Amino acid sequence: MPTKFYFENAIEKGKGELVALGTRFLIITGQSSRKNGSLEAVIKVFKDNQKYFEIFDQTEENPSEQMVKKIIETYGKNWDVVVGLGGGSPMDAAKAVAVLCKNEIEIEDLYNPEKYSAALPIVCIPTTSGTGSEVTQYSVLTVNGQKKGFKHETIFPKLSFIDPVYTLTMPEELTLSTGLDALSHAIESAVSKRSNPMSELYSFKAIEIIKDTLPELLKDLSNYELRKKIMFASTLAGISISITGTTIAHALGYSITTEKGIRHGLATAVFLPFELQQANTQTAKKILEMFDGSLLNYFKNIGVKISFPVSDKELETWTERVSKASHVAITPGNYNREKIYEAYLWLIEKSGLYGG
Ligand code: ZN
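Residues numbered from 1 in each chain as written. Predicted model: local features only at pLDDT ≥ 70, side-chain atom pairs only at ≥ 80, totals over all residues. Heavy atoms only, no water.

You'll find the protein entered in an unreviewed UniProt entry as Iron-containing alcohol dehydrogenase, with Thermosipho ferrireducens given as the organism.

Enquirer: I keep staring at a nonpolar patch on the surface and nothing clicks. Help me out?
Expert: A surface patch of nonpolar side chains, amounting to about 280 Å² of accessible area, comprises Met-198, Leu-201 and Ile-243. One can find Ile-243 in helix H7 (residues 224–244). (Patch = residues over 30% accessible without salt bridge, like charges linked within 9 Å, V, L, I, M, F, W, Y side chains within 5 Å. Areas by Shrake-Rupley, 256 points an atom, 1.4 Å probe, with all protein chains shown as cover. Salt bridge = Lys/Arg side-chain N within 4 Å of Asp/Glu carboxyl O. Helix = DSSP H or I, 4+ residues; strand = E, 2+ residues; numbered from the N terminus.)

Enquirer: What exactly am I supposed to notice about the environment of Ala-233 here?
Expert: Within the fold, Ala-233 resides in helix H7. For Ala-233, a relative accessible area of 0% gives the class buried. C-alpha of Ala-233 to C-alpha of Gly-132: the two residues are 101 residues apart in sequence and 9.6 Å apart in space. Here Ala-233 is in contact with Ala-206, Ile-209 and Ile-210, once residues within four sequence places are set aside. (Buried < 20%, exposed > 50% of the residue type's maximum accessible area, 1.4 Å probe, protein only. Contact = heavy atoms within 4.5 Å.)

Enquirer: Sorry if this is basic, but what is going on with unusual backbone geometry here?
Expert: At Asn-9, a residue that is not glycine, the phi angle is positive and equals roughly 50 degrees. Note that Asn-9 resides in the loop between strand S1 (4–7) and helix H1 (10–19). Judged by its relative accessible area of 49%, Asn-9 is partly exposed. Residues other than glycine seldom take positive phi values, yet Asn-144 does so here, at roughly 45 degrees.

Enquirer: Is there a simple way to think about the coordination of the zinc ion in this case?
Expert: Put simply, the ideal angle at a metal is 109.5 degrees for four donors in tetrahedral geometry and 90 or 180 degrees for six donors in octahedral geometry. At the metal site, the zinc ion is ligated by Asp-181 (OD), His-185 (NE2), His-250 (NE2) and His-264 (NE2), and these contacts range over 2.2 Å. With four donor atoms in place around the zinc ion and angles of 84 to 170 degrees between them, the coordination shape is irregular. Mapped onto the polypeptide sequence, the residues donating to the zinc ion form the spacing pattern D-x3-H-x64-H-x13-H. A residue pair is termed long-range when its members are at least 10 positions apart, and His-185 in helix H5 (residues 172–191) and His-264 in helix H9 (residues 264–269) qualify at 79 residues. As far as the burial class goes, His-185 and His-264 line up, both buried. (Donors = N, O, S within 2.8 Å, 3.2 Å for Na, K, Ca; no water. Tetrahedral: all angles 85-135°; square planar, octahedral: opposite > 155°, others 65-115°.)

Enquirer: In this structure, what is going on with helix H8 (residues 248–260)? I would like to understand it.
Expert: An α-helix turns once every 3.6 residues. As a result, residues three or four positions apart point the same way. Its 13 residues place the ends of H8 19 Å apart at the C-alpha level, agreeing with the 18 Å of an ideal helix rising 1.5 Å per residue. Across the 13 residues of H8, ten count as buried, placing the element largely inside the fold. Taken residue by residue, H8 has Ile-248, Ala-249, His-250, Ala-251, Leu-252, Gly-253, Tyr-254, Ser-255, Ile-256 and Thr-257 as its buried positions. (Expected span 1.5 Å × (residues − 1).)

Quick look at the structure:
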């Protein structure tokens, strides 16, 4: 994981390295960065150092290819650095923009790693605790209503400024869904066939911290120490998936996010009990023990709720989609079509427990 990152008071500590990266900075962000102080902090550094910058602040949740194209059309390619500021969406969009600025390729070529070998330097400033994008070589866009990810060594951020202070204003629902995303990364990474002793150092530490901290944080949203613990755990979980990738729960959750509007972390985490049960490995058992034998009960206790209408046709389409996902091969439990379909049926059955 080649990204250099600063943690806590981060921009202050690393601003010298930030301004040394170039003279023209394109900032990609959403609306919340104006409220949590992060945009202001980065603008101040650019102004103090006479750097040229422009701001795209219309990033949508689950960024689409069209939005990325629009950014390139509007702002051009003549930039030194692309800054992704906010949750996973602006960071993932910034990664796509950084590749397109540096290469004469079509947007579809992002998914073909052989088509390019460089990107503009990427700087990430997360303002949620969950995505891990600030320490990974992944970006997930939405193409024709479906999630499509790309992975490339060149999109590891050059620098990341990870500061819990920007997460203090997150509302409860977002705190829960992003916390669940971090937990999903940690658990999926641990369960993955690609996990190794190195990735497990990060994934298990992250699980341990999130398990104890998330319930406390949900009752005390403005507690800085708890925000700091969760953000640290989210970073560890991000590092663990930079080694292993995510597994089946992410693939299963994508359609529920794009088609039912359920937030990514929530849509993913609700499949973790099924994933652990099917994996049935020593690691899966060890994780279940950490949650006193039932992750489902843990979720219930912290108020995880999911509910959406779904048709047989939709379930078939989603099953078909997941069966083609790269996550299948690295998830223990031999997922064929029947088992993927079973995962969705299991969620429908358990959604009573999830409060739906
Ligand atoms: Zn995720």
